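Geometric and topological summary
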Amino acid sequence: MDIGRLWNYISRPDIVPRLFAVFLCLIMIIEFFVPTSYNEDQLYPKYPPQSQVFKSSLAPYDRGGVPLKIPADIKTQYPQFEPIRGRITAYLTPPAIWLSERTPYFGTTIVSTPGGILDEILYYTRGLDTILESLTLLVSFMIFSWVYLHRD
Amino acid sequence: MFLNITSVAGEFYGYIPFGDIVLYVTEFSAISFVIALFFTLVVYFTKPEKQLESQIGGFDKLNYVSLEELKIRRLMAILCGICTAFAMLTGDLFNYALFLAVIGITNIGIVSAVKKEWVLNAAYYYGIIAMISTLPLFGGAALILAKTGTLSILELAGKHQDLLFQKMLYAAGMVGETGVAPFYAAKAEMFRAPGAPYILMIHLSSLLIVIRTAEILLTI
Amino acid sequence: MDVVQHMFNYSVFAGFVVGILSLIAIGYQRSDIHLLILTDVVECAMLVIIAALGTDLAEALILPGLVVGLAEFLAVSEILIQRCKLRKKEREKKTPKLFEEFLVVEEPKVEVDIEHPRMEILYSASRFISLILVIYGAFLTGFTGGAVMSVGLLFYLLSQGIVSRGISSEDIKDFWEAVAGFSGIMWALWIILGFIGFYLFPEHYVTFLLIAGGALALKVGSKLGLIGDLKL
């Protein structure tokens, strides 16, 4: 077995993704022999499935609280750094309040935004994640449009 | 002090809170942060190199970077530098994985403006690896979150749980994203594109990311 | 929490099986375009693993994961197209025209008179439908709203291209740059006012929340609207 031939083989760019895929595959197969465990003490816990249906019009996303008055009770990592914790979760826009009084399926449409638990996480408590996420979209869009507009 | 951690990174200087994501400064991360920002400034003020390609049986060819190409590549290099700098400070596993994804895509951006077939070929295969390695990175972070109930490095540092497999997954993601040893070929081809200071940004970011990932995996 | 805990092992197992199978497929796949599509399947496996957590946090983490995958897919696929074009150009020296997908092509003359089914909606109601979609997207705000808005923009541009109301290559280029710039400005607005404001002035959080939701919707909507309307 000539080892030089092997080095030459892995130096081709089109081989690299395949090599990496196989390597990752081998690592992921280990998972079947390692017991995965689930810690019950999770951040931002959900209520049990279907427990809120027809009890609240914000069905799966009702976390309590009154808009602009009482903040919702959510469990975050560092409450001491978040002075307005739970207030965004409790907030509903006026059209959202109007709609939620009329239909019990309001929560499934995600129209409570801005406001609601997901917006609290995305804009406030983990806002830096969303900055990077939209930065990725921005950068890839720049690459895309530059390549597209300069392809002649 | 509740957020004070002992780690391989040296003395703990302080933290900058953004809600759940707390950036923290240690000896190591402060130095890396300054290096990355300094190099970003260098990239901003430097003009790109010109490459002289010698040809067999003909005149030599001068490769230079046009103004339009320079603008986008400089922007990508600066974004890459800033992201590398802040990736040194972040104290959250998922946030760090996102930083890696942004750095990967800016690396593609630095070379994507070059209209040479072999450069784009290498960039394409590197992009494929970068896309594949989002699985181990984000998946590893999610498995750590499931097992320990937190993503914060500062919290994980005090818990001492057995996270060997999750760490392996996370490291595999980093290996793909930065192109460590056996998977270097696509990234090494990208370095050969003309336009020196921008290309070196790819180098610097991967080096700093490799060290920083090692530090994170030793700390948690 | 019982149900989630019970299902966690199974869902992670399913995610890993999907991941391993698609990675094996990548391992022996020869065609470049299939490689690209299979990496998208790998990202689905990543989403399954995150979703197995079953908390609100997992729901919020799925969104960055999804967007990162989508964005990388966009850039990498464009690079693949560019590379194939360069490769083709080296063989035959034919230069493609800018925005040739948009420009109205002369229809081939057919001797027999064929009754083409005309999509009436593209001619009569394109403006109305896109307006409704944009307004609904503005009402939703955030990423969802942005996506709905972009569908509205996409529909409008698409129908205008088909009924050929004089869209030229230059017009599209100007429009493109204007909307792209607008999108970038919205991103900056969101970071400076929306995100930093939460920490500097916590008592005015409602204002910043509305700015964040609105700016993000406009940003995502304008950007995806542009991407979608290219018939690549």
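In what follows, the structure referred to is the one given above.
Summary of the structure given here.

1. Details of the interface of chain A and chain C
You'll often see interface size given as the accessible area lost when the parts meet. Contacts between the two partners involve 65 residues from chain A, matched on the other side by 72 residues from chain C. Buried surface at the junction of chain A and chain C, summed over both partners, amounts to about 6,900 Å²; 73% is from carbon and sulfur atoms. When the buried area of chain A at its contact with chain C is split by residue, Y38, Y123 and R151 of chain A rank highest and sum to 13% of it. If you look at where chain A meets chain C, you find three salt bridges.

2. Points about the interface of chain C and chain B
Contact residues are listed per partner, giving 38 residues for chain C and 32 residues for chain B. Taken as a group, E72, I79 and R83 of chain C account for 19% of the area that chain C buries against chain B, more than any other trio of residues on that side. At the surface where chain C touches chain B, the tally comes to one salt bridge. With its nearest N and O atoms 2.8 Å apart, the salt bridge here joins R87 of chain C to E117 of chain B. Here chain C is connected to chain B by six residue pairs in polar contact (both at pLDDT 80 or more). Secondary-structure elements contributing two or more residues to the side of chain C that touches chain B are α1 (2–28), α2 (32–51), α3 (56–91) and α7 (169–200) of chain C. Among the elements that line the side of chain C that touches chain B, the one with the most residues is α3 of chain C, at 17 residues. Residue composition of the side of chain C that touches chain B, grouped by class: 28 nonpolar, four polar and six charged.

3. Quick notes on the packing of aromatic side chains
Within the structure shown, the criterion is met by 22 aromatic pairs over all chains. A ring pair is formed by F12 of chain B and Y24 of chain B, whose centres lie 6.1 Å apart and whose planes are at 25°; its orientation type is stacked. A residue pair is termed long-range when its members are at least 10 positions apart, and F12 of chain B in strand β1 (residues 12–18) and Y24 of chain B in strand β2 (residues 21–26) qualify at twelve residues. In this structure F12 of chain B comes out as buried when scored by relative accessible area, which is 12%. Residue class for Y24 of chain B comes out buried when judged on its relative accessible area of 0%. Seen in terms of ring centroids, F198 of chain C and F208 of chain C are 6.3 Å apart; in terms of plane orientation they differ by 70°. Their pairing is edge-to-face. With a gap of ten residues between them, F198 of chain C in helix α7 and F208 of chain C in helix α8 (residues 205–228) connect regions that are remote in the sequence. When its relative accessible area of 1% is taken as the criterion, F198 of chain C is described as buried.

Rules and cut-offs
Residues numbered from 1 in each chain as written. Chains lettered and ligands numbered in written order. Predicted model: local features only at pLDDT ≥ 70, side-chain atom pairs only at ≥ 80, totals over all residues. Heavy atoms only, no water. Contact = heavy atoms within 4.5 Å. Buried area = accessible area lost by both parts, 1.4 Å probe. Salt bridge = Lys/Arg side-chain N within 4 Å of Asp/Glu carboxyl O. Polar contact = N/O pair within 3.5 Å; in protein donor to acceptor, adjacent residues only side chain to side chain. Helix = DSSP H or I, 4+ residues; strand = E, 2+ residues; numbered from the N terminus. Nonpolar A, V, L, I, M, F, W, Y, C, P; charged D, E, K, R; others polar. Phe/Tyr/Trp six-rings, centres within 6.5 Å; stacked < 30°, edge-to-face > 60°. Buried < 20%, exposed > 50% of the residue type's maximum accessible area, 1.4 Å probe, protein only.

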